Amino acid sequence: MAELASTPSIDPEAAAASRRHLWSRFAIYGLLTVFAAIYLVPLLVVVFNSFREQAEIARDGLISLPRTFRLEAWAQAWSTYCIAGTCQGMKQNFVNSLWMTIPATIISTLLGAVNGYVLSKWRFKGSEILFTSMLLGVFMPGQIALMPWAFVLGKLGLTNSTYGLILVHVVQGISFTTLFCRNYYVGIPDDLIKAARIDGAGFWRIFWKIIIPLSPPILIVTVIWQFTGIWNEYLFGVVFTSGEAQPITAALVALTASGTTARSYDVMSAAVLIGALPPLLIYLFGGKYFVRGLTQGAIK
Amino acid sequence: MTGQSLSALAIRNLYKSYGAVDVLKGINLEAQPGEFIALVGPSGCGKSTLLAMIAGLESVTSGEIRIGNRLVNSVPPKDRDIAMVFQSYALYPTMTVRQNITFGMESRGVPKADQAEAVKHVAALLQIEALLGRKPGQLSGGQRQRVAMGRALVRDPKLFLFDEPLSNLDAKLRVDMRTEIKKLHNRVGKTTVYVTHDQVEAMTLASRIAVMHQGSVQQFDAAQMIYSRPANMFVAGFMGSPAMNFIPAELGEAAGRPCVTVRTTDGGTAALELAQPVPAGAPRNVVLGVRPEHIYRFSDDLKQRKRAIAEVKAPVELVEPTGAETLAVLRFGDLEVTGRFDPDSAPRMGETMTLGIDMARACLFDPTTRSLL
């Protein structure tokens, strides 16, 4: 019993250590909070402004808590606001962006998966050189390809069309999707492929029955990466399309640049949020898979 | 050519090169129907490459591979009528055990009813019925091993190929599975080629062993012959643990009988009488190969029991009891020689022991060609 009684007595060194621990915790969380605020406050300002009245924004300034709550700016931005002469809001551009992003994401991801499969599991003479040269695409800024694309799209008759942009984004995205998939598939044991070959499976059967079922982690990463990248892309959209054919990023710029009337910050805020919503939703629902997929190997 | 029709597998003068590097240099092997052949050798000896070539996973640079008398050099793996068990098991991770087993049959378009029948049969044979609905990730190492064998068995192939199937298992399970593979082979009776770096596995399982080193077959013979009459010093040193002792010796005569002279620790020499006449053309300097278990504590009784016991004294430097037997390091001049003793007659540290070497079981090697005399 005497021993038990002595245990609660405080060890001064342990107490000091736990105090130091507490302070370092404070410092870490404080710093993280500051950084989180740097990212979140602008978003908050835009969200508030999209629900405030333009008159109120003019009176109280851009950064202020909302006194009113109205959805009118959202409705205007969606369907009636005038951009460069046409007053149909951004809905057509939003649909354009979806029509461009979804097929381009799916096609570039599938091509990346097939490329990665070939470059990791069916290597041939020169396949490493091919992979290295594909990787160059990862480091090449898009504007380098502007002129060649203008030429190609012109020849194909795909200027000012969503199909043209799909083609551009598929090709521009292949180096990334190939890199992601190839590096993931390298981690799949070659013995699986050998076993399947002995089992009588061919190139495509192995791809669909063995590789693809193992791929969800990397496919999620690739889809998120491609979707947000293509959705947010601006340069090709603004160069190769105009007016109603523009994707939403290009239309947003046109909206802010149409300086004929007084600036309506409420509508702009709503328009920006409409434009940012799909990637935000993707991150919100897929974010944890994104992180998991990037850090996970193929097979434990 | 008549011999060819008998073999289940025949390999003639097989070469494999990657660029300038020759991995296999003229392999000749054959297996009778139902035979269990082990390919054994240190890592990098080419045994796995040879197996992959038999399977059709690696191309042939030159030479012939025949399976059941059919030249298969350029036949794709699926048409070779083989099945293979991999070291990593290579079970398809996203499929259940049942799907793993039926994948091959599905690829070949076997009717569903026949598939179910085959799965039932194999699952019963390997006692994996309870596992059929599970994924490989939910199985233990031994269970995965069974499933991998099930996947191979269900094919009912002409030829089974095993690529170090037991090396991922822990020691106890490895011994159990070894026994099980042997039982399975006895029951199924299929021609099997089994790659391993473990000489005990090769000895226990195979009817014939091919010992490989640096891309060529050093010896291809029955397990007992490989062990007692190794073709060269590599085979002698590789097969058996602890390894065979190599003692430099000089051929000579003592009292009119052929003998070898070895250096002893006291600076002198000892003449060991040979059990056989000296082979013709043997050089004067030779290497005497003695397995640790052929070194005994000398006694008159031993001399009467064994036909050719040579007597020699050596100090004991180290004693390692393992329970069933006691290993001892003995000093012969500047050489260390390992002996394997019964614990009852085990040497003591520091003792100078009178040894009896069973010369009837000893081997003589040519030190320059390193081959058996």
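Residues numbered from 1 in each chain as written. Chains lettered and ligands numbered in written order. Predicted model: local features only at pLDDT ≥ 70, side-chain atom pairs only at ≥ 80, totals over all residues. Heavy atoms only, no water.

Participant: Explanation requested: helix α9 (residues 190-198) of chain A in the structure shown.
Facilitator: Spacing of three or four residues puts side chains on the same side of an α-helix, whose turn is 3.6 residues. When we look at burial in α9 of chain A, the residues that qualify are Asp191, Leu192, Ile193, Ala195, Ala196 and Ile198 of chain A. In this structure, the buried side of α9 of chain A is in contact with α5 (91-121) and α10 (203-211) of chain A together with α1 (47-55), β6 (82-85), α2 (97-107) and α4 (141-153) of chain B. Count one or two residues on from α9 of chain A and you reach Gly200 of chain A, which has phi positive near 95 degrees. (Buried < 20%, exposed > 50% of the residue type's maximum accessible area, 1.4 Å probe, protein only. Helix = DSSP H or I, 4+ residues; strand = E, 2+ residues; numbered from the N terminus. Contact = heavy atoms within 4.5 Å.)

Participant: Would you mind showing me how to read the interface of chain B and chain A here?
Facilitator: When the parts come together, some accessible area is lost, and that loss is often what is quoted as the size of the interface. Each partner contributes residues to the interface: chain B has 23 residues there, and chain A has 16 residues. Where chain B abuts chain A, roughly 1,700 Å² becomes buried across the two surfaces, and 65% of that area is made up of carbon and sulfur atoms. The largest contributions to the chain B side of the interface with chain A come from Leu57, Tyr92 and Phe103 of chain B, which together make up 29% of the buried area. In this structure, the connection of chain B to chain A is made through one salt bridge. Put simply, Arg205 of chain A and Glu106 of chain B hold a salt bridge, and the shortest N to O gap is 3.9 Å. Ranked by residue count, the leading element in the side of chain B that touches chain A is α2 of chain B, at four residues. Partitioned by chemical class, the residues of the side of chain B that touches chain A number 13 nonpolar, five polar and five charged. (Buried area = accessible area lost by both parts, 1.4 Å probe. Salt bridge = Lys/Arg side-chain N within 4 Å of Asp/Glu carboxyl O. Nonpolar A, V, L, I, M, F, W, Y, C, P; charged D, E, K, R; others polar.)

Participant: Whenever I open this one, the pattern of salt bridges confuses me. Can you help?
Facilitator: Pairing between side chains of opposite charge can happen when the charged atoms of each approach one another. On inspection of all chains with the given rule, the structure shows 31 salt bridges over all chains. With a closest N to O distance of 3.3 Å, Arg331 of chain B and Glu336 of chain B form a salt bridge. For the salt bridge of Arg348 of chain B with Glu351 of chain B, the shortest nitrogen-to-oxygen distance reads 4.0 Å. With relative accessibility at 55%, the residue Arg348 of chain B sits in the exposed group. On the basis of relative accessible area, Glu351 of chain B is assigned to the buried category, the value being 15%. Residues joined by salt bridges that share partners form a network here, namely Arg59, Asp60 and Arg67 of chain A.

Participant: Is there a simple way to explain a nonpolar patch on the surface in this structure?
Facilitator: Residue and element names in this part refer to chain A. Together, Leu31, Val34, Phe35, Ile38, Tyr39, Leu40, Leu43, Leu277, Leu280, Leu281, Leu284 and Phe285 line one region of the surface with nonpolar side chains, adding up to about 1,300 Å² of accessible area. When residues of the nonpolar patch are traced back to their parent elements, those giving at least two are α2 (12-51) and α14 (265-295). Tallying contributions element by element places α2 first for the nonpolar patch, with seven residues. The residue Tyr39 is located in helix α2 in this model. (Patch = residues over 30% accessible without salt bridge, like charges linked within 9 Å, V, L, I, M, F, W, Y side chains within 5 Å. Areas by Shrake-Rupley, 256 points an atom, 1.4 Å probe, with all protein chains shown as cover.)

Participant: Which parts of the structure should I look at to understand the environment of Thr338 of chain B?
Facilitator: All names here are of chain B. One can find Thr338 in strand β18 (residues 335-341). Considered as a pair, Thr338 and Gly141 are 197 residues apart in the sequence and their alpha carbons are 36 Å apart. In this view, Thr338 contacts Pro242, Asn245, Pro292, Ile295 and Ala328; residues no more than four positions away in its chain are not counted.

Participant: Before we go on, may I ask you to explain the side chain of Ser161 of chain A in this structure?
Facilitator: With respect to the element layout, Ser161 of chain A can be found in the loop between α7 (146-156) and α8 (162-185). At 3.1 Å, the side chain of Ser161 of chain A and the backbone nitrogen of Tyr163 of chain A are in polar contact. (Polar contact = N/O pair within 3.5 Å; in protein donor to acceptor, adjacent residues only side chain to side chain.)

Participant: Is there a simple way to explain the environment of Ser215 of chain A in this structure?
Facilitator: All names here are of chain A. Of note, Ser215 is situated in the loop between α10 and α11 (216-232). Judged by relative accessible area, Ser215 falls into the buried class, the value being 0%. Between the alpha carbons of Ser215 and Cys181 there is a distance of 8.4 Å; along the sequence they are 34 residues apart. Not counting residues within four places of it along the chain, the set of residues in contact with Ser215 comprises Tyr184 and Tyr185.

Participant: Can you walk me through the sheet that holds strand β20 (residues 363-365) of chain B in this structure?
Facilitator: Adjacent strands of a sheet pair through backbone hydrogen bonds, lying either parallel or antiparallel. All names here are of chain B. Here we have five strands laid out as an open sheet, ordered β13-β12-β11-β14-β20, and antiparallel in their pairing. Pairing within the sheet leaves two strands with one partner each, and these edge strands are β13 (269-273) and β20. Geometrically, the sheet is characterised by an average inter-axis angle of 45 degrees between neighbouring strands, direction not taken into account. Judged from the six bridges that link them, strand β11 (residues 245-254) and strand β14 (residues 285-290) form a sheet pairing that is antiparallel. If you follow Pro248 over to β14, its bridge partner there is Val287. (Pairing = 2+ DSSP bridges. Axes fitted to C-alpha atoms, helices over the stretch in contact; angles between N-to-C directions.)

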